[in-house]
Amino acid sequence: MKCDEIFAALAMLEKERGISQTFMMDKIVQALTTAYKRDHEGVENVIVDVDEAKRDLKMYVQKEVVEEVENPGTQMSLEDAKKLSAKYEVGSIVNLPVDNVEFGRIAAGNGKQVIIQGLREAESGMVYEEYNSKQHEILTGVVTRIDPRNGSVALRIGTGAEATDAILTSGEQVKGETLVEGQRIKVYLVDVRRQSRGPQVVISRTHPGLVKRLFELEVPEIYDGTVEIRSIAREAGSRTKMAVWSNDANVDPIGACVGPRGQRVNNIVEELRGEKIDIIKYSDDPAEYIAAALAPADVVEVRMADDGSKACRVIVPDDQLSLAIGKEGQNARLAARLVGYKIDIKPRSYKDEE
């Protein structure tokens, strides 16, 4: 049966949307065989022969030649087979062509629906592949809707055929940040999950990775690998501590991140709506690293635990105890997460008493 329209439609889909003709034809063949089996009870083996050069489709029902027919859907008698060709013997497989009129009716009833469904599957797969390759990257989205019940925000990410919708849940939003419809915001792509309704893009504004990627975009020395971000501890919307290291003795890692007159770090603070960022120098010496992490407080001494555990006691000047601990313990908490040590902070007077 000539199927010029089907082949033309598949060629157009491949040209305009990048969907493989082979993928779509497989879907059509699958639908045609399923539809025929549904209309003809007992039939098991159905073959659709695709001739792309002639733009032709043919359907056959396969039956086995037997002495006595028990299942007419899969078997035919030797007598009937001999009427078709004298070469057939018991055990031979015969391909019986389906009448063009009946095949045309099945194709017309299923072809359009299959193309639509296959189109959805293919586009969904393309969107999944597109965003799966962008995991842990920064994406820009436009706020399309804000749910007043739970505060979640719907975003439209990307353009054209690769565009998709994503939900920024209230838990992944920066505390105190107000978003409005039509606003463009940067988000961090945490994960992409396959779902029956299409890929689910998991995004965040609170993930530490967002800060890391922003610095990579803003600081050339980080992008080219001269300066490394070794660790980040973040309380979104309030404060971030970031440890950096330079592979070049002539490059100051902190100065590179801060930029001329603080321009680089200020651009990131502006994007994060005023979130404070402490940039410290990483050190392989745990005591030195811990002392730097507690900035802006001065540190008199760092005593590492004798038992080899990741714990330490830090001695600070009496007048800087509250600064070292920070408001509601934030400075000490972020420092501990940054270095991976449990930190016990004591004033110098405590050391003197000891």
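Figured I'd write up the structure that's included with this text. Worth saying up front: this structure is predicted, and the values here are computed from it rather than measured.

## Section: the pairing of strand 5 (residues 138–146)
(1) Moving on: Bridging between strand 5 and strand 8 (residues 184–193) involves five bridges; their strand directions are antiparallel. Bridging from a neighbouring strand, threonine 140 pairs with lysine 186 of strand 8.
(2) Moving on: Taken together, the five bridges between strand 5 and strand 6 (residues 153–157) define a ladder with antiparallel strand orientation. Within strand 6, the position partnered with valine 142 by the bridge is arginine 156.
(3) Moving on: From the end of strand 5 to the start of strand 6, which pair antiparallel, there are six residues, and glycine 151 there has a positive phi angle of about 80 degrees.

## What about the nonpolar core?
(1) Moving on: Formed by 22 residues in total, the largest nonpolar core has its most connected members in Tyr289, Ile290, Val314, Leu338, Val339, Ile343 and Ile345.
(2) Moving on: At the level of elements, helix 9 (286–293), strand 14 (311–316), helix 11 (330–339) and strand 15 (342–347) are the ones that each hand at least two residues to this core.
(3) Moving on: Aside from chain neighbours lying at most four places away, what touches leucine 338 is Ser231, Ile232, Ala233, Lys241, Met242, Ala243, Ile280, Tyr289 and Ala293.

## Thoughts on the side chain of serine 152
(1) Moving on: Its location among the elements puts serine 152 in the loop between strand 5 and strand 6.
(2) Moving on: Only 2.8 Å separates the side chain of serine 152 from the side chain of asparagine 150, close enough to count as a polar contact.
(3) Moving on: Once residues within four sequence positions are removed from consideration, serine 152 is found in contact with Arg145, Ile146, Asp147, Ile167, Leu168, Thr169, Ser170 and Gln173.

## Some points on the pattern of salt bridges
(1) Moving on: Counted by the stated rule, this structure contains 19 salt bridges.
(2) Moving on: In this structure, glutamate 235 engages arginine 337 in a salt bridge whose closest nitrogen and oxygen atoms are separated by 3.5 Å. Separated by 102 residues along the polypeptide, glutamate 235 in strand 10 (residues 227–235) and arginine 337 in helix 11 bring together distant segments of the chain.
(3) Moving on: Connected through shared salt-bridge partners, Glu177, Arg205, Glu271 and Arg273 make up one network.

Thresholds, definitions, all that
Residues numbered from 1 in each chain as written. Predicted model: local features only at pLDDT ≥ 70, side-chain atom pairs only at ≥ 80, totals over all residues. Heavy atoms only, no water. Pairing = 2+ DSSP bridges. Helix = DSSP H or I, 4+ residues; strand = E, 2+ residues; numbered from the N terminus. Core = buried A, V, L, I, M, F, W, Y, C linked by side-chain atoms within 4.5 Å. Buried < 20%, exposed > 50% of the residue type's maximum accessible area, 1.4 Å probe, protein only. Contact = heavy atoms within 4.5 Å. Polar contact = N/O pair within 3.5 Å; in protein donor to acceptor, adjacent residues only side chain to side chain. Salt bridge = Lys/Arg side-chain N within 4 Å of Asp/Glu carboxyl O.

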